[in-house]
Amino acid sequence: TTRLTFLLDLLLPMQVPVMLVGAAGTAKTTVLADKLRNLPDNMLSYTINFNSFSDASSLQAILEQPLEKKSGMTFGPPGQKRLVYFVDDFNMPTPDKYGTQSSSALLRQQVDYGGFYDLKKLSMKQLVQIQYLGAMNPTAGSFYVIDRLQRHFATFACLFPEQEVLASIYGSIIAGHLGTFLPEVSALAEVVTNATVALHNEVT
């Protein structure tokens, strides 16, 4: 968590898109959400949760929600602020019969060309003062994101915590919870924690 936060602190001000990749329970979303809660005053955040039904048309409407018109066909966040879109479950949209995820293709167009087309006027909308963060679980949804989009991101793996770390974290939680009961019950905290971690390892 400390390493990833350090890297985010370096890359976000440089406007480098960052993606965290890891299995469920590796705190990808937690790390990014914590970072977004502590953004400087000149930055805003907007969270987008992808699912298997996400497509380009619905995503375009979501991307435009926090923006205001600047001039002509240029749009951006209010005032002089910078907007960070956090796209969670980046690889969840179901690919079409050609293997394309239209939502990812729309994001790729925006990153490559600075905008996307107005669906009524058919003219290019330019988006300014925005950047992206992403998180994905490669064991769920599609196993990859189109490489023409992925290449823009600094991608980091999130590793699952070691058993000792898990026992320490969850042991503290359950010890605090059982502390209100009789001593013979609260004494079971360590046993319950170790048994749960061992069971989790067997299941995974």
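Before going into details, it helps to say that this report is about the structure given with it. Position numbers for residues start from 1 in each chain and track the written sequence from start to end. Since the coordinates come from a predicted model, pLDDT governs what is reported: local features require at least 70, and pairs of side-chain atoms require 80 or more to be given and counted, while whole-chain, interface and lining totals use all residues. To obtain the side-chain values, all non-hydrogen atoms of the structure were included, while hydrogens and water were left out.

## Concerning the packing of aromatic side chains
Pairing of aromatic rings covers Phe, Tyr and the six-membered ring of Trp, with a centre-to-centre limit of 6.5 Å; geometry is then stacked below 30 degrees between planes, edge-to-face above 60, and tilted otherwise. Considering all chains together, one arrives at four aromatic pairs under this definition. Taking the centre distance of 6.2 Å and the plane angle of 90 degrees together, the rings of Y46 and Y85 count as edge-to-face. Here Y46, found in strand β2 (residues 43-49), pairs with Y85, found in strand β5 (residues 82-88); they are 39 residues apart in sequence, far enough to count as distant. Measuring from ring centre to ring centre gives 5.5 Å for F90 and F153, while their planes differ by 80 degrees; the resulting arrangement is edge-to-face. Of this pair, F90 sits in the loop between β5 and α4 (102-113) while F153 sits in the loop between α5 (147-150) and β9 (154-157), placing them 63 residues apart in sequence. The burial state of F90 is the same as that of F153; both residues are buried. Numbering of helices and strands runs from the N terminus, with a helix taken as a DSSP run of H or I at least four residues long and a strand as a DSSP run of E at least two residues long. With a 1.4 Å probe rolled over the protein chains alone, any residue whose accessible area is under 20% of its type maximum counts as buried; one over 50% counts as exposed, and the rest are partly exposed.

## Some points on the sheet that holds strand β3 (residues 68-71)
The pairing criterion is simple: DSSP has to find at least two bridges between the two strands. As summarised here, the arrangement of the four strands in space is β3-β4-β7-β6, forming an open sheet in which the pairing is mixed. In this open sheet, the two strands that pair with only one neighbour each are β3 and β6 (115-117). Going across the sheet, the axis of each strand differs from the next one's by a mean of 35 degrees, ignoring polarity. Pairing analysis gives two bridges linking strand β4 (residues 74-76) to strand β7 (residues 124-127), with the strands arranged parallel. Bridging across to β7, F75 finds its partner in L127. Lines fitted to the C-alpha atoms define the axes, with helices restricted to the stretch that makes contact. Angles between their N-to-C directions range from 0 to 180 degrees.

## Here we look at the pairing of β7
Side chains K125 and L127 project from β7 onto a buried face, and the interleaved M124 and Q126 project onto a face without burial. Judged from the three bridges that link them, β6 and β7 form a sheet pairing that is antiparallel. When the sheet's bridge partners are listed, F116 is paired in β7 with K125. Counted along the chain from β6 to the antiparallel partner β7, the turn is six residues long, and its residue L122 has a positive phi close to 60 degrees.

Worth remembering: the numbers are spatial, not functional.
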